[in-house]
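Below are the chains, spelled out letter by letter.
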Amino acid sequence: MLLQPVISLLREQTLPDFPSGSALAFKDGRLYLVGDDARELRILDTQYKTTGSVTLFSHPQYRIPKPEKADLESAVVLKHKQAQYLAAFGSASLETRRQILLLPLPFRTSDHPVIYTHYAADFLDAIGGQLHDVNIEGATIAANKLVLANRGHEDNPHNTLIIARPDCWNPMHNDRPFLQQIKLPESSQGFRGVSDLCYIPGRDLLLLTLTTEATASTYDDGIIGDSYLAVIRDYSKKMRNATVMPDEMVNLSSVSAVFAGQKIEGICLEKSRAEGLLLHLVADNDAGESRLFAINAVL
């Protein structure tokens with residue numbers, strides 16, 4: 001019998017000078033923070049102190065306006081051409097949001113070697129033909145595959161995992177992505193949309209963050225509700241199933257009151273310890289700030 005997850009809040013911190021935190025990735029002691037309308041990528045230590053930044057977009061406004069933003073909603077460390085990169089993915093919900101940014105790691109401030117590319121047209125055609133709306137909100141690497149999370153909304157209440165080659169900016173060469181539906185337990189709290197993914201290879205766990213938000217489209221924001229952490233066990237054995245269901249799901253507001261009204265947008269693993277998984281979360285409050293949380297999760 002599986003034990004229920006035990007999650008505890010370790011610390012939290014608001015970043016008033018970084019807007020719309022939407023994705024986190026961790027590598028070699030550094031946290032890489034992406035915002036969906038931010039001009040820069042922020043580099044932090046594990047105590048959330050800023051250690052550097054990378055300008056991604058030149059724009060006169062602190063928050064890039066919604067019609068213009070790249071809407072970078074997910075980030076993951078992956079291998080490309082025998083090197084490590086931080087890859088940040090646009091939501092692809094509009095033409096302007098189909099960008100993918102690649103930052104070679106380890107990052108050196110003197111280089112600024114950001115590579116700007118896009119989802120391959122045949123990749124978008126392949127998933128667009130099977131999805132009601134394209135709105136990519138999460139990314140992780142599992143069993144050498146890129147797993148992207150497509151978020152639904154109240155008028156299209158379906159979450160989908162897209163399992164593909166990691167270099168989805170290159171033509172597919174017949175390696176078509178596989179789409180897997182996420183089935184959630186019934187809830188009276190409204191539609192819960194997936195907001196990010198994190199795979200734990202040593203444990204074969206796929207972690208998902210989900211949020212409730214009163215919106216009926218992939219474009220508009222809405223009233224923020226609750227955020228959840230869900231766990232899919234033995235995920236590598238389930239990757240070719242047509243549907244997949246979380247084994248457990250926790251409302252983070254039940255962990256601590258500080259999560260109430262927080263729209264958790266990103267999750268990453270710092271380390272797996274005997275006492276649990278040390279995870280970092282980021283929330284976007286739609287008001288120009290970001291909020292970071294460190295949690296311990298016994299799963």
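Conventions used here
- Residues numbered from 1 in each chain as written.
- Predicted model: local features only at pLDDT ≥ 70, side-chain atom pairs only at ≥ 80, totals over all residues.
- Heavy atoms only, no water.
- Helix = DSSP H or I, 4+ residues; strand = E, 2+ residues; numbered from the N terminus.
- Buried < 20%, exposed > 50% of the residue type's maximum accessible area, 1.4 Å probe, protein only.
- Polar contact = N/O pair within 3.5 Å; in protein donor to acceptor, adjacent residues only side chain to side chain.
- 1 Å grid on protein atoms, 1.4 Å probe; cavity = no way out; pocket = protein on both sides within 12 Å on 5 of 7 lines; lining within 4 Å.
- Points joined across faces, edges and corners; volume = space filled by probe spheres on them.
- Nonpolar A, V, L, I, M, F, W, Y, C, P; charged D, E, K, R; others polar.
- Arc of directions from axis to C-beta.
- Contact = heavy atoms within 4.5 Å.

*Asks:* Just to check I follow, could you spell out the side chain of histidine 153 for this structure?
*Replies:* Positionally, histidine 153 belongs in the loop between strand S11 (145-150) and strand S12 (159-164). A relative accessible area of 6% places histidine 153 in the buried class. A distance of 2.8 Å separates polar atoms of two side chains, one belonging to histidine 153 and the other to aspartate 133.

*Asks:* What is the right way to look at empty space enclosed by the protein in this model?
*Replies:* Empty space among the atoms becomes visible once a probe the size of a water molecule is rolled across them. Taken as a whole, this structure holds two cavities of 30 Å³ or more when the rule is applied. Estimates place the volume of the largest cavity at around 60 Å³. Forming the walls of the largest cavity are Leu41, Leu56, Leu86, Ala88, Leu101, Leu102, Leu103 and Val114. Counting only elements with at least two residues in the lining of the largest cavity, the list comes to strand S7 (83-90) and strand S8 (99-105). Here the lining of the largest cavity takes three residues from S8, the largest share from any one element. A breakdown of the residues in the lining of the largest cavity according to their chemical character gives eight nonpolar, no polar and no charged. Its boundaries defined by the atoms lining it, the second largest cavity holds a volume of some 40 Å³. Taken together, Phe123, Ala164, Arg165, Asp167, Cys168, Asn170, Met172, Asp175 and Pro177 form the lining of the second largest cavity. Residues that form the lining of the second largest cavity fall into these classes: five nonpolar, one polar and three charged.

*Asks:* Which parts of the structure should I look at to understand the layout of surface pockets?
*Replies:* Here the largest pocket defines a volume of roughly 580 Å³. Surrounding the largest pocket, 24 residues form its lining, Phe26, Val76, Val77, Ile141 and Tyr199 being those nearest its centre. Tallied by class, residues from the lining of the largest pocket come to 17 nonpolar, three polar and four charged.

*Asks:* How should helix H1 (residues 121-128) be read in this particular structure?
*Replies:* Three- or four-residue spacings in an α-helix give side chains the same orientation, since the helix completes a turn every 3.6 residues. Listed as buried for H1 are Phe123, Leu124, Ala126 and Ile127. End-on, the buried residues of H1 take up no more than an arc of 160 degrees, which puts them together on one face. Exposed side of H1, more than 90 degrees from the buried face: Ala121 and Asp125 are the residues found there. Where H1 is buried, its residues meet strand S10 (136-142), S11, S12 and strand S13 (178-182).

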